[in-house]
Amino acid sequence: MKRVKRRKAQGLQDRYLYDYTFANDNGQNPVMEKAHAYVEHWKEAYRDNTGLLLFGDVGTGKSFFAGCIANALLDRDVPVLMTNFPSILNRLTGVFAEDRVAFIASLDDYSLLVIDDLGVERNTEYAMEQMFTVIDSRYRSKKPLIVTTNLKLEEIKNPPDLAHARIYDRILERCAPVLFSGKNFREEGARATKAAAKEIVSKG
Ligand SMILES: Nc1ncnc2c1ncn2[C@@H]1O[C@H](COP(=O)(O)OP(=O)(O)OP(=O)(O)O)[C@@H](O)[C@H]1O
Ligand SMILES: [Mg+2]
């Protein structure tokens, strides 16, 4: 119990990720079946180094899907880290080179690495270089990686330059693409917020 708690504190760096669980699934996204399947077949996924590339428009539930897998595996005492490149880059900034190397290597200690929101970070040469190092290190570790992104599969398959190609190529080789084509769940949340606000204001 204690160990699972510690793993969660380490692996889920944002508070809201604790709520991305199968128990909180609203049942409106048929693709969630694949998240259950991934957890059920985790042993094979780990053995075969099978990752996932979750892509689709904003608010369609990609991070929720990845968070559910992360939580379910953490509950089974599997070391998982769910993070994103802005956090990784932040962590690497102003750090000595050997500490950078050690930090990037430490990401490969996790049996599953989830990188949320690939493609939102600034495409500076430095950022691209660090991103490549992280993805390439993961690739060579032969451990699974799950990536979520708003990029279209076409964009990932046809990168704008060599720097992107080297990153995307590795992801495409190891991560099975899963399309999120449903509705934007945030619009629903926004409607509920508006209704609640109206209710409160009308009481004034
Ligand atoms: N299956 C689900 N059950 C309940 N809530 C969900 C489900 N899928 C998504 N949500 C909720 O809908 C909102 C949007 O989902 P999420 O953040 O996963 O979208 P996303 O595809 O990652 O969006 P973006 O591309 O902007 O990162 C969140 O508040 C999330 O909690
Ligand atoms: Mg997201």
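All values reported here derive from a predicted model rather than from experimental measurement.

So, empty space enclosed by the protein
On inspection of all chains with the given rule, the structure shows 1 cavity of 30 Å³ or more. Lining the largest cavity are Asn49, Ile135, Arg138, Tyr139, Lys143, Pro144, Leu145, Arg170, Ile171, Arg174 and Cys175. Looking at the lining of the largest cavity, the elements that each hand over two or more residues are α7 (125-141) and α9 (162-174). By residue class, the composition of the lining of the largest cavity is 6 nonpolar, 1 polar and 4 charged.

Some details on the site of ligand 1
Lining the immediate environment of ligand 1, one finds 17 residues, of which Asp25, Lys62, Ser63, Phe64 and Asn150 sit closest. Here an oxygen atom of ligand 1 sits 2.9 Å away from a polar atom, N or O, in the main chain of Gly59. Separating an oxygen atom of ligand 1 from a side-chain N or O atom of Asn150 is a distance of 2.7 Å. The protein chains hide 84% of the 630 Å² of surface that ligand 1 would expose on its own. Only α4 (62-75) and α10 (185-203) provide two or more residues apiece to the shell around ligand 1.

Digging into the nonpolar core
Counting 28 residues, the largest nonpolar core has Phe65, Ile69, Leu112 and Ile146 as its most contacted members. Secondary-structure elements contributing two or more residues to this core are α2 (32-40), α3 (42-48), β1 (51-56), α4, β2 (80-84), β3 (112-118) and β5 (175-180). Here this core takes 9 residues from α4, the largest share from any one element. Among residues more than four places away in sequence, those in contact with Leu112 are Tyr38, Trp42, Ile69, Leu73, Pro79, Val80, Leu81, Arg138, Pro144, Leu145 and Ile146.

Focus: unusual backbone geometry
In the Ramachandran plot, Asn49 falls in the positive-phi region, its phi being about 55 degrees despite a non-glycine side chain. With respect to the helices and strands, Asn49 occurs in the loop between α3 and β1. A positive phi angle, near 60 degrees, is found at Lys142, a position not held by glycine. Here Lys142 lies in the loop between α7 and β4 (145-149).

Details of α7
Between its terminal C-alpha atoms α7 stretches 24 Å, which fits the 24 Å expected from 17 residues at 1.5 Å a residue. Where α7 is buried, its residues meet α5 (85-92), α6 (97-107), β3, β4 and α9. Where α7 terminates, the next one or two residues include Lys142, which has phi positive at roughly 60 degrees.

Details of the environment of Val31
If you trace the backbone, Val31 turns up in the loop between α1 (2-11) and α2. For Val31, the residues in contact, after removing those within four places along its chain, are Phe65, Val178, Leu179 and Phe180.

As for the layout of surface pockets
Approximately 420 Å³ is the volume attributed to the largest pocket. What lines the largest pocket is a set of 20 residues, and nearest its centre among them are Tyr20, Gly59, Gly61, Phe64 and Arg186. Looking at the lining of the largest pocket, the elements that each hand over two or more residues are α4, β3 and α10. At 3 residues, α4 tops the list of elements feeding residues into the lining of the largest pocket. Its residues assigned to classes, the lining of the largest pocket shows 6 nonpolar, 9 polar and 5 charged.

Details of the pattern of salt bridges
By the definition in use, this model includes 12 salt bridges. Residue Arg7 is joined to Asp77 by a salt bridge in which the shortest nitrogen-to-oxygen separation is 2.8 Å. In this pair, Arg7 sits in helix α1 while Asp77 sits in the loop between α4 and β2, placing the two residues 70 residues apart along the sequence. What makes Arg7 partly exposed here is its relative accessible area of 24%.

Calculation rules
Residues numbered from 1 in each chain as written. Chains lettered and ligands numbered in written order. Predicted model: local features only at pLDDT ≥ 70, side-chain atom pairs only at ≥ 80, totals over all residues. Heavy atoms only, no water. 1 Å grid on protein atoms, 1.4 Å probe; cavity = no way out; pocket = protein on both sides within 12 Å on 5 of 7 lines; lining within 4 Å. Points joined across faces, edges and corners; volume = space filled by probe spheres on them. Helix = DSSP H or I, 4+ residues; strand = E, 2+ residues; numbered from the N terminus. Nonpolar A, V, L, I, M, F, W, Y, C, P; charged D, E, K, R; others polar. Near = heavy atom within 4 Å. Polar contact = N/O pair within 3.5 Å; in protein donor to acceptor, adjacent residues only side chain to side chain. Areas by Shrake-Rupley, 256 points an atom, 1.4 Å probe, with all protein chains shown as cover. Core = buried A, V, L, I, M, F, W, Y, C linked by side-chain atoms within 4.5 Å. Buried < 20%, exposed > 50% of the residue type's maximum accessible area, 1.4 Å probe, protein only. Contact = heavy atoms within 4.5 Å. Expected span 1.5 Å × (residues − 1). Salt bridge = Lys/Arg side-chain N within 4 Å of Asp/Glu carboxyl O.

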